Structures are given as C-alpha cells and as structure tokens.
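In case you want the letters, here they are:
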Amino acid sequence: MSPMSSPKRILIVDDESGFTRLLKLTLEKTGRYIVREENDGTRAWSTASEFRPEIIFLDIVMPEIDGGDVAQQIRADSALRHIPIVFLTAIVAEQETRSTIGGFPFLAKPVGLAALMECIEQHTAPGSVE
Amino acid sequence: MLTSSPDSARILLIESDPQESVRLRHFLEHQSRLEIQWVADAQSLEEGAQFLNQLEVDAVLLDANSLSEPNAETLIAVHRLSNEVPVIVLASPRTEEFARQLVQMGAEASILKRIEDGDELSCALRAALDRARHQAEFESERAFLGTLLENIPDRIYFKDEQSRFIRINRALMERFGLSRPEDAYGKTDADFFTPERARETLLDEQMVMITGQPILNKVESENLQDGSFGWCLTTKLPLRNRRGRIIGTCGISREITSLKQMEAALETERNLLRAVIDHLPDHIFLKDFEGRYVLDNVAHQRWLGARAQADVAGRTAFDFFPEETAMRFREADEPVLRTGEPLLNFEERSVDAAGQSRWALVTKVPWRADDGRILGLVCMKRNITEQKLAEAKLKQANLELAASREEVLSAMAELQAAHTQLREMQQQLIEAEKMKLIGRVTAGIAHEVKNPLAIVKMGLEFWRQQPAPDESCQLVLREMQDAVNRADNVILGLLDFSKPSRLETRRENLNAMIHRALGSVRVEMRAPVEIVPQLDPHLPLLALDAEKMNQVLVNLFTNSIHAMSEGGTLGIRTYTEQLTGVGQNIAGQKSESFRIGQSIAVLEIEDTGHGIPEDKLSKIFEPFFTTKPTGKGTGLGLSVVKTIVDLHGATISIRNRIGGGAIATLMFPL
C-alpha cells in the first residue's frame, strides 16, 4: 500500500448525515481515499453513476428506499455492476459479519477505522489507477 | 361228685372173709338188677377208707363182721365214711346191735346177712344210691344258687307276703350298706328307701301277688334314704310254695344308672344335633343307596313341602320332583355312591315344589357303615340363589363400569392430550409473540442506538488521527472508545437475546462439543485452571443445535473461568441416569419437563471459584443481571443460555458447591 498510489474513490450511502460526514473526514484524513456522501437512498444510483466509486458502503435501513433495493439497482446497471458493495448497518451484530446479507458482505455499526480500511483493501484492487 | 347211671353202681366191698366176699359178689351180680362194678375189696375199715380217698365209689358194702372192735373209734370212722358215700352195713345176728348203732351214726341201712335175699339188698342199695344222687343234686343246686346269689352283680331278694325281706344277695346287701344279709331280714323297703319309692314297690309287689303276673324289666328310679340315687331295671316275680300258693315275691334288679346317664347324654346330644341341623337354613339330608330319604332337617322338609320327617322318610326324590329333576339328582348322586369320592361345593340348579328356580351349592359325601361299605349319601345344600343373582348383577355392573371407565379414561386421555397440545401451542404462541415483540423492539433500539454510536466512534477515529494530541487528550479518547464499546456490547447482547429462536437440531455428540468449546475458552484463562473432564463415553447422541449449544457451553465455561481468577479446578461430567424422584435433582426445576422414570443425560460443570452470593441465586437468569464488575459483563449471558437450554427442552440449574464454587447442572431428555 504505497502512499504514492492515487486515492480510492468511496461512496457512502446512509441517511445519517452525521455519520457520513465523520466517515468522510476520517477516511480522507488518511489521505488514501476520496469519499462521496449520499444521504438520500433514492439518489444513490445516479450519484454512483456520476461519481464512479471503487467501492460502495450501503446502509440498509433508510427512509424511502431500502439498502437492498439500492444494491439491486446498482447491480442491474451494467456500468456499475462490477463495483463491490458492502452493507454498513446497525441492525446486525459484529459476530455475524463473517456471513453475508443477500450475497453482499457487510460491516456492523459502530465500526472502527481499522475495520473499514481492511474491508476496503479486501474488496478493491490494490493501488488501482483510475 | 359221684355220678353214675341209676342202673349202675360202683361198689367198694369191705369184707374180711374171702368166702363171704365171693358169695356177696356172685349174689349181687346175678340177683340185683343193677350193673355192678366192683371197684375194690378191702379187708378192713382202714383199708376201705384208703381206697375211698383214691377211687370213685357210689356205695360201700360193709360187713359188720369185718370190723375188729365195735368201739367208739370204729363208730366215728364209719360216720366219717358215710358222710362221703352211702354205707350199707351187712350184719349177722351177732353184730346186729352194732350195725344198728352204725346206722345211727350215718350208715344207710343194715341188712341181716342171714335173711338176706336179692330184693332186700338190691332195694337197699338202690335206695341208697338214689338218695345219694338226690343229695348230690340238691347240694349242687344249693351251690349253684349260692354262687349265683353271692357273685351276681344284680340285686336279688326274696320277700314274704308282707313284703319283708327273707333273703337278699350280697349285691343288695352292699347296696343297703349292710355287713350281713341277715340284717335285712324282717325289714321292708321302707327301712331303706324313701317313703315314695317304698310305697311304689309295695304296690307293685301286692299287684304281683294278687295277679300272679310278673312285672318284667321295669325301669325304676332308686332313691335311698342315704340320699344316693340310681336307676334300676327290675323284674318282680310271685314266690310260690310247693303247692303253688303265692307266699311272697322275689325280684332281681340291675343297676343301669350309667346306662341311663349314657342314654340321657345320647338323648341330649341327639336333641342338640337335631336342633342344630333343624336350625340351619341349609338343607341336610341322608339318602340310602336306593335314594330313599333316611333323615333330613326342617329346612329340607319345608323345601319338599313336607310337614315332618315321617312325610319324607322312605320316599325318594321321584315322589317330590318332576321325573326330569329327580333323574338329575340321581345322576349327581351316582358317582359318589359308586366311587366314594365326595362331591364338594357343586353348583346345582333346581326347581322347588312351588316351581321356583333356584341355585344351590351342593356337597355330597358318602355315608359309610363301620366296615366302610357305602350305605348312601349325606347331602348338604345351601341356597345361593340370591348370591347368584347378585353375582350376575355385579358382573353386569362391572362390565358396564369397566366400559364406562374405559370411555372416561379415553375421553380423559384425549382431553389431556388436547389440553397439553393447547397449552404447548399457547406457550409457543406466547413465546413467539413475546420474542417477536422483543425482537422488534430490540432491533429498533439497536438501530437507533447504534447509529449515534457509529457517529461517536467515527468521531473518535477522526480525533485519533489528529497529529500529536497530548497525553490527556489520548486518555479521554481511550475512555470514550471503551464507553462506546461497552454500549455496543450491550446492544449486541440484546440482539442475541432477542434473536428469533428457532433451533436447527441434529444428533450431536455432546462430549465432542464440550471439547470444542473448551478449546475456544482456553484463551480466556489468565490463571492456571485444571480441567478435569469425566465424560461418559457411552453417552447417546442428543438432539442439539450445535451453534447455540456451543454458545451455551462457551458461556458457562467462561463464567467458571472468570470466577476462578486465582486459578482452580473446572470439573466437567456427563452421564445418563433414570429419574427416581427420590431426594432429587429435579427439584426446583421445570419439573413438568421430566417424568419419574424417564432417562436423561446430565451435564455438570463445576468450578472452585467464588460462587454466587446466595441472595443473587434466584436472579441469575434474569436479563441484565450480573455479578461481574461494571463493564465486565453485559448481564445477558445466562439469560441467553437459559433461553437456548429451554428451547432444547432441557433444564439448567446453578447452585453453590458446599466446598466453595458453583455447579451448573443441565439435564437433557433422551
């Protein structure tokens, strides 16, 4: 993981703006990531299309739309299909993160920085160039 | 005793003159019409006396001339001789005077030899022999009578016309308490008996004397003046003189007191037996070999419709019953009569004189003579009609009862099953509803709490990345981090507790699961803990949800290890047993989970730690209860354990060990 490699683009979809803001600040402070927040689930697909992230963190319980539906929309888009999606949710316990939700990996809130970064490195190409 | 035919005579001749002896012999043999047998010839009186001692002699012919001296000694000798046998003295004119003296001394006759002729001598001889014979007979009679009177135990008396005793025998003398028979002579019954008794006998005796008719075998009571009493069988006869005139009475009386007493006793016994059999409600009767009734009791007579024994005796069942019934009786009698084997308690149906059907319990035993020959039958019949009817009713009632009991039982079983099912369903519904609600609430709380926690945590992460925060800043951050973690753990526990509870059970080896769980808790050990497993290798497989049971085991092991922060021993045992219900392990548990007699598998986890304060024991399974210091436990572990154990239909109890530490006991149904 070289500091020279370009920052990874990360989309976080969650109606909790406080959380997305702090996540963005924290991750970007490492200097290795560019984070885009989206607090409206219904706009997740269009934001992703426009932002082109390398990984999408997706909340499950949101007003208007469910994280699962969002995941389907993105998977349904051939341009976005390859982007790894990780659910980041408060409704499951940490012990269960080894399994998946609907075929997607997930992280349980509250999540630490180390876990987040490990997850990102695991699901994205190392030092990818975009 | 001298005995000979009247026409023969055994003669002893005492004759000193041999010529005279020959002459006399010749004469008597030819002239007398007697058959003479000469027993001996004696030369002298002394010699004759000697012969007489040795020989049987009917008469002695003594020639007075043969007597040496007509002195007193000779007279006495002849007197002695004539006491034993008739002595006929033959005299000559010279000895005539002496011969007369001899006759006076007892000799039979004296005959002058000179004028002797056949007639005189043979007449004299014959007369002497006759007299001797009569005398002998008389003596004999007297002796007979004397013997009789002396020895017979019967009492004999002779009385005169005034009923005065003139002769009594020894037996009567003794009865009267006298020492000599003569003491009674001249006395009457009034002197010995009570006046009533004396009057009665006097009348009887007067009657005998007046009528000349005897009184035979009259039974009399005998009341003596001395108070003694007895019974006698008495015969009284008229006493007649030679001319046939009645001159008194004689009688013989036999003591029959003991006979009378025996008779009375027999009578009493007979009456008693009769009363007994007549009072019995059972029929008792005796039949002879031909089936004729010999004896029966009142109950039997009444049944036959007879009034008395006499109406029944000698008749047979054919006289009282329809032929068919009587035949059946006879058929039942036959084997007993033939084999002598008694028939015991045989149930017989019959129809009585009134046409009523009845049941009887019959016993027939052979009636045997003394020699064992079968004379007939003794029968006993007991009316069991009522019992039979009651028995039939009872049987019917029992059947009905059994049937209705069956119905009730099966209805009850159904009811019980339905009830159990309902309860289970209700329980499940309640449980499910409860869990659903708790789940929903918990999920909501978790979501709502976790999001702010996530923000705080993320904020902490942000601050931690700030360059060179000072020492106290870092401490604050660490404390806050811990607080977030704690809060998160509580939420996690809640989620665990409220997770939809559905088991996925398989046949699992509990022992293997124990080993697995031990492996994963070893890392928790801060102090040396000795693990002592005693696992039953034959423990059957149990229906368990492996993941959830692992959670249970890990939880319990962890608790034990945490309780032994200074080190100790962790004992783990598995075994199977049958619940006896005595002094038992199921007390205080969900006792309805197990029945007495059921086989179960038991797991015991025993530690030597600090145990659980007694006042807390009842609360250990409540959510959020913990004995650990704040921040060390969520208080949800044991409540989750309990939930999982309950879901398995198993039980768990935790108590303190006597020597310190705690012991958890889990019981699984097999």
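Sequence positions are assigned chain by chain, starting from 1 and proceeding in written order. Whichever chain is written first becomes A and whichever ligand is written first becomes 1, with later ones labelled in order. Side-chain atom pairs in this predicted model are given and counted only at pLDDT of 80 or more, local residue features only at pLDDT of at least 70, and totals for whole chains, interfaces and linings cover all residues.

(A) Representation of the overall build of chain A in the model. Per the secondary structure count, chain A includes four helices and six strands. Here a residue counts as buried when 20 or more other C-beta atoms fall within 10 Å of its C-beta, as exposed when 12 or fewer do, and as partly exposed in between; the C-beta atoms come from the backbone. Residues counted as buried form 36% of the 130 residues belonging to chain A. In this description, any two residues whose backbone-derived C-beta atoms lie within 7 Å of each other are considered to be in contact. Counted over contacts in chain A with a minimum sequence separation of 6, partners at least 24 positions apart contribute 59%. In this description a helix means any DSSP run of H or I spanning at least four residues, a strand means any run of E spanning at least two, and both kinds are numbered starting from the N terminus.

(B) Up close: the environment of Ser-66 of chain B. Residue and element names in this part refer to chain B. Position of Ser-66 among the secondary structure elements: in the loop between strand S3 (59-63) and helix H3 (72-84). The exposure class of Ser-66 is buried, given the 21 C-beta atoms found within 10 Å. The spatial distance from the C-alpha of Ser-66 to the C-alpha of Leu-90 is 9.7 Å, given a sequence separation of 24 residues. Leave out the neighbours within four places in its chain, and Ser-66 touches Ile-14, Glu-15, Ser-16 and Ser-44.

(C) Just the nonpolar core, in detail. Only buried Ala, Val, Leu, Ile, Met, Phe, Trp, Tyr and Cys residues enter a nonpolar core, and they are joined through C-beta atoms within 7 Å. Core analysis: the biggest nonpolar cluster contains 43 residues, and Ile-10, Val-13, Ile-56, Phe-57, Leu-58, Val-86 and Leu-88 of chain A have the highest contact counts within it. Per element, the largest residue contribution to this core is six residues, and it comes from helix H12 (residues 385-464) of chain B. The contact partners of Phe-57 of chain A, leaving out residues within four places of it in the chain, are Ile-10, Ile-12, Val-13, Val-86 and Leu-88 of chain A. The next biggest cluster of nonpolar side chains, apart from the first, holds 38 residues, and it includes Leu-12, Leu-24, Ala-59 and Leu-90 of chain B.

(D) Highlighting unusual backbone geometry. Cis rather than trans, the peptide bond between Lys-109 of chain A and Pro-110 of chain A has omega equal to -5°. Within the secondary structure layout, Pro-110 of chain A lies in the loop between strand S6 (104-108) and helix H4 (113-123). We note that Ser-163 of chain B has phi near 60°; this positive angle belongs to a residue other than glycine. If you trace the backbone, Ser-163 of chain B turns up in the loop between strand S6 (155-160) and strand S7 (165-168). Of note, the phi angle at Asn-345 of chain B is positive, near 50°, even though the residue is not glycine.

(E) Inspection of helix H7 (residues 195-211) of chain B at higher detail. All names here are of chain B. Expected span of a helix: the number of residues minus one, times 1.5 Å. The end-to-end C-alpha distance of H7, which contains 17 residues, comes to 24 Å, matching closely the 24 Å that a straight helix rising 1.5 Å per residue would cover. Taken together, the buried positions of H7 are Thr-201, Glu-205 and Val-208. Angularly, the buried residues of H7 cover 55° about the axis, an arc narrow enough to put them on a single face. Turned more than 90 degrees away from the buried face of H7 sit Pro-195, Glu-196, Leu-203, Ile-210 and Thr-211, all of them exposed. Against the buried residues of H7 lie S6, strand S8 (215-223), strand S9 (229-240) and strand S10 (246-255). Directly after H7, the chain includes Gly-212, whose backbone phi takes a positive value near 75°. Directions from the helix axis toward the C-beta atoms define the arc.

(F) Summary view of the interface of chain A and chain B. On the chain B side, the residues contacting the 19 residues of chain A number 19 residues. The dominant element in the side of chain A that touches chain B, judged by the number of residues it contributes, is helix H1 (residues 17-29) of chain A, at seven residues. Taken together, the residues of the side of chain A that touches chain B break down into 11 nonpolar, four polar and four charged. All amino acids are sorted into three groups, where Ala, Val, Leu, Ile, Met, Phe, Trp, Tyr, Cys and Pro are nonpolar, Asp, Glu, Lys and Arg are charged, and the leftover types, Gly among them, are polar.

(G) Examining the sheet that holds S9 of chain B more closely. All names here are of chain B. The antiparallel open sheet is built from five strands, whose spatial order is S7-S6-S10-S9-S8. The sheet is open, and its two borders are formed by S7 and S8, each paired with just one other strand. Looking at each pair of strands side by side, their axes are set apart by 30° on average, direction ignored. Strand pairing is defined by DSSP finding a minimum of two bridges between the two strands. All axes here are fitted lines through C-alpha atoms, helices being fitted over the stretch that makes contact, and every angle between N-to-C directions spans 0 to 180 degrees.

(H) Layout of the pairing of S10 of chain B. Residue and element names in this part refer to chain B. As defined by bridge partners, S6 adjoins S10 across six bridges and the pair is classed as antiparallel. In the strand pairing of S10, Asp-160 is matched with Gly-248. As defined by bridge partners, S9 adjoins S10 across nine bridges and the pair is classed as antiparallel. Within the sheet, the bridge partner assigned to Leu-239 lies in S10 and is Gly-248. Between S9 and S10, which pair antiparallel and follow one another directly, the connecting turn spans five residues, one of which, Gly-244, has a positive phi of 95°.

(I) Structural view of the environment of Thr-89 of chain A. Residue and element names in this part refer to chain A. Locating Thr-89 in the fold gives a position in strand S4 (residues 85-89). Assessed through the 25 C-beta atoms surrounding it within 10 Å, Thr-89 is described here as buried. In this structure the C-alpha to C-alpha distance between Thr-89 and Gly-67, which are 22 residues apart in sequence, comes to 9.3 Å. Contacts of Thr-89, omitting those with residues within four sequence positions, involve Asp-59, Ile-60, Val-61, Phe-106, Ala-108 and Lys-109.

(J) How the structure looks around the environment of Ala-306 of chain B. Relative to the helices and strands, Ala-306 of chain B is located in the loop between helix H9 (298-304) and helix H10 (309-312). Sequence separation between Ala-306 of chain B and Phe-320 of chain B is 14 residues; the distance between their C-alpha atoms is 9.2 Å.

(K) Highlighting the packing of helix H15 (residues 546-563) of chain B against helix H16 (residues 637-647) of chain B. Residues and elements named next belong to chain B. Running from N to C, H15 and H16 point in directions that differ by 140°, and their axes come no closer than 9 Å. The orientation of H15 relative to H16 falls into the category oblique. The way H15 lies across H16 gives a crossing that is left-handed. On H16, the residues touching Lys-548, Met-549, Gln-551, Val-552, Asn-555, Leu-556 and Asn-559 of H15 are Gly-637, Val-641, Ile-644 and Val-645. Every angle not falling under 35 degrees, over 145, or within 65 to 115 is termed oblique; those three ranges are roughly parallel, roughly antiparallel and roughly perpendicular. It is the rotation of the near helix from the far one that decides the hand of a crossing: anticlockwise by less than a right angle makes it left-handed, clockwise makes it right-handed.

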